[in-house]
Amino acid sequence: MSEKIGIAILGSTGSIGTQALEVIENRPDYFDLQVLTAGKNADLLIEQAKKYQPNTVVIGDEDSYQKVKDALWGENIHVYCGEDALCQVVEATNVHTVLTALVGYAGLKPTIHAIEAGKTIALANKETLVVAGEFITKLAKEKGVNIYPVDSEHSAIFQCLVGEFHNPIEKIYLTASGGPFRGFSISDLQKVTLEQALKHPNWSMGAKITIDSASLMNKGLEVIEAKWLFNLKPEQIDVIVHPQSIVHSLIQFQDGSMKAQMGLPDMKLPIQYALSYPNRLATNFPRFNFMDYPNLTFEAPNREVFKNLDLAYRVMDELGTSACALNAANEVAVDAFLNKKISFLEIGELNETVVNETKNILNPSYQDYVNSDQNAREKALQLLRK
Ligand code: NDP
Ligand code: MG
């Protein structure tokens, strides 16, 4: 390869961000790390900057700017802070691909800037497509920008599509582990604790997505993400619980043939594929052994108990800003649950109430999303105070 791929990692201190650094570290001949950013974790950002020597770092938290600046004095690394800087650094000419590994709505604005600047997007921040899928996919098309999925299920679908881009998809099956509360009844869920919800059986991830996995909101968000990534109708997307997390998702084509992508649950693989597509780079990641998994099982999700899944289908059907409102409500609810202010079941209840009470705006502009996010957050916070 003649030229290395310049990479910006938004959210380098998180679960996806740190794993992306491991991927990049393995192939200094292939990747050229240009930008690292963090929200609040100044210590880890400083450590990463010293080790990986990017061109630029951004710390979201303005109060930590001086600390980062002082620590990196003499390192020949540009240091910036705040949201505007986050949006500007992705536009740099030496950045080719932007890995969006921020969590939540905060990922939207920098992703828009990156698309406008013509950068390839490696999308981990699924909330971007949940909140503004209509707007983002239109903008990416206009700018001729590719969005490659990092989410393991969507990476699986994407990998199965290679060589098939001209063949229409009949339907896809997104697999779900079922999370720590698979098989629980509503009365079981009334008693679950934060500590239990944070223990995912198969994946180690950031706190927000771990709670979303336990409530099946994550799968709901992924259904919406899949709609926009692969241009599907709601009835073409199905969810199947697969507790072993080995089959990462499946496509069914018009002739009835199905393709699945499999492997051990390790995010480094989909991260690397999104950064190196269309190439597969050699790795020494642990390999799958059939004898360790004599049974791969599949079951239907319990939609009566895990109501977030149907709520996601509903807002996907409604289009407009409905999904944006659901995402905002869920961010507030998960934050309240993480701070032990509400119970596990109250997350879904809050989500449903906010969606029911928020006006849906069709064909939204960027400002409509901003307003809808803000209104839904305010509504959710009001309900929490009651
Ligand atoms: P983490 O919480 O582990 O990391 C989030 C990162 O974003 C951190 O670097 C954090 O900085 C930064 N950040 C958070 N809020 C802000 C903000 N307001 N401004 C600037 N930076 C901010 O999350 P994950 O890595 O688990 O997830 C990232 C995204 O990837 C999510 O959208 C998630 O749904 C998706 N995803 C994650 C998977 C996983 O295995 N973890 C799998 C599939 C998708 P700091 O810590 O310094 O404050
Ligand atoms: Mg996933």
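Rules of the game
- Residues numbered from 1 in each chain as written.
- Chains lettered and ligands numbered in written order.
- Predicted model: local features only at pLDDT ≥ 70, side-chain atom pairs only at ≥ 80, totals over all residues.
- Heavy atoms only, no water.
- Salt bridge = Lys/Arg side-chain N within 4 Å of Asp/Glu carboxyl O.
- Helix = DSSP H or I, 4+ residues; strand = E, 2+ residues; numbered from the N terminus.
- Buried < 20%, exposed > 50% of the residue type's maximum accessible area, 1.4 Å probe, protein only.
- Pairing = 2+ DSSP bridges.
- Axes fitted to C-alpha atoms, helices over the stretch in contact; angles between N-to-C directions.
- Contact = heavy atoms within 4.5 Å.
- Donors = N, O, S within 2.8 Å, 3.2 Å for Na, K, Ca; no water.
- Phe/Tyr/Trp six-rings, centres within 6.5 Å; stacked < 30°, edge-to-face > 60°.

K.L.:
What am I meant to see in the pattern of salt bridges here?
P.N.:
Two side chains with opposite charge may pair up if their charged atoms get near one another. Scanning the model with the defined rule gives 21 salt bridges in all. The closest approach of N and O atoms between Asp151 and Lys126, which form a salt bridge, is 2.9 Å. Residue Asp151 is located in the loop between strand 7 (147-149) and helix 7 (152-161), and its partner Lys126 is located in helix 6 (residues 126-143); the two are separated by 25 residues in the primary sequence. A single burial state applies to Asp151 and to Lys126, both of which are buried. A single salt-bridge network, built from bridges that share partners, covers Lys126, Asp151, Glu153, Lys219 and Glu222.

K.L.:
For this particular structure, what's the right way to read the sheet that holds strand 4 (residues 78-81)?
P.N.:
One key point about sheets: their strands pair by backbone hydrogen bonds, in either a parallel or an antiparallel sense. With parallel pairing, the seven strands of this open sheet are ordered in space as 4-3-2-1-5-6-7. In this open sheet, the two strands that pair with only one neighbour each are strand 4 and strand 7. Here the strands of the sheet are splayed against their neighbours by 20° on average, with no regard to which way each runs. Strand direction decides the pairing type here: strand 6 (residues 120-123) and strand 7, joined by three bridges, are parallel. Looking at strand 7, one finds that Leu123 is bridged to Pro149. Contacting strand 2 (31-38) and strand 3 (56-59), helix 2 (residues 42-52) crosses the sheet at an angle of about 165° to strand 2.

K.L.:
Got a minute to help me understand the coordination of the magnesium ion (ligand 2) in this structure?
P.N.:
By definition of the ideal shapes, four donors in a tetrahedron about a metal sit 109.5 degrees apart, and six donors in an octahedron sit 90 or 180 degrees apart. Protein coordination at the magnesium ion (ligand 2) comes from Asp151 (OD), Glu153 (OE) and Glu222 (OE), with a distance range of 2.1 to 2.2 Å. The sequence motif formed by the donor residues of the magnesium ion (ligand 2) is D-x1-E-x68-E. Of this pair, Glu153 sits in helix 7 while Glu222 sits in helix 11 (residues 217-230), placing them 69 residues apart in sequence. A single burial state applies to Glu153 and to Glu222, both of which are buried.

K.L.:
Teacher, can you tell me more about the sheet that holds strand 8 (residues 169-176) here?
P.N.:
If you walk across this open sheet you meet the four strands as 9-8-10-11, and the pairing is mixed. Of all strands in the sheet, those with a lone pairing partner are strand 9 (237-241) and strand 11 (258-262), marking the two edges. Looking at each pair of strands side by side, their axes are set apart by 20° on average, direction ignored. Packed on one face of the sheet, helix 11 meets strand 8 and strand 9 and runs near 150° to strand 8.

K.L.:
I keep staring at the packing of aromatic side chains and nothing clicks. Help me out?
P.N.:
In this description, an aromatic ring pair is defined by two values, namely the gap between the centres and the angle between the planes. The final tally for this structure, using the stated rule, is 14 aromatic pairs. Centroid distance Tyr148 to Tyr277: 4.8 Å. Interplanar angle 50°. Geometry classified as tilted. With Tyr148 in strand 7 and Tyr277 in the loop between helix 12 (268-276) and helix 13 (308-318), this pair connects stretches of sequence that are 129 residues apart. When the centroid spacing of 4.8 Å and the interplanar angle of 45° are considered together, the rings of Phe158 and Tyr277 count as tilted. A residue pair is termed long-range when its members are at least 10 positions apart, and Phe158 in helix 7 and Tyr277 in the loop between helix 12 and helix 13 qualify at 119 residues. Classification of Tyr277 as partly exposed rests on a relative accessible area of 22%.

K.L.:
Is there a simple way to explain unusual backbone geometry in this structure?
P.N.:
Among all residues except glycine, the phi angle is most often negative; among peptide bonds, the trans geometry is most common. Of the consecutive residues Tyr277 and Pro278, the connecting peptide bond is found in the cis state with omega at 10°. With a phi angle near 45°, Asn363 is a residue other than glycine that sits in the positive phi range. One can find Asn363 in the loop between helix 15 (344-357) and helix 16 (366-385). With a relative accessible area of 64%, Asn363 lands in the exposed category.

Function cannot be inferred from these measures alone, as they are strictly geometric.
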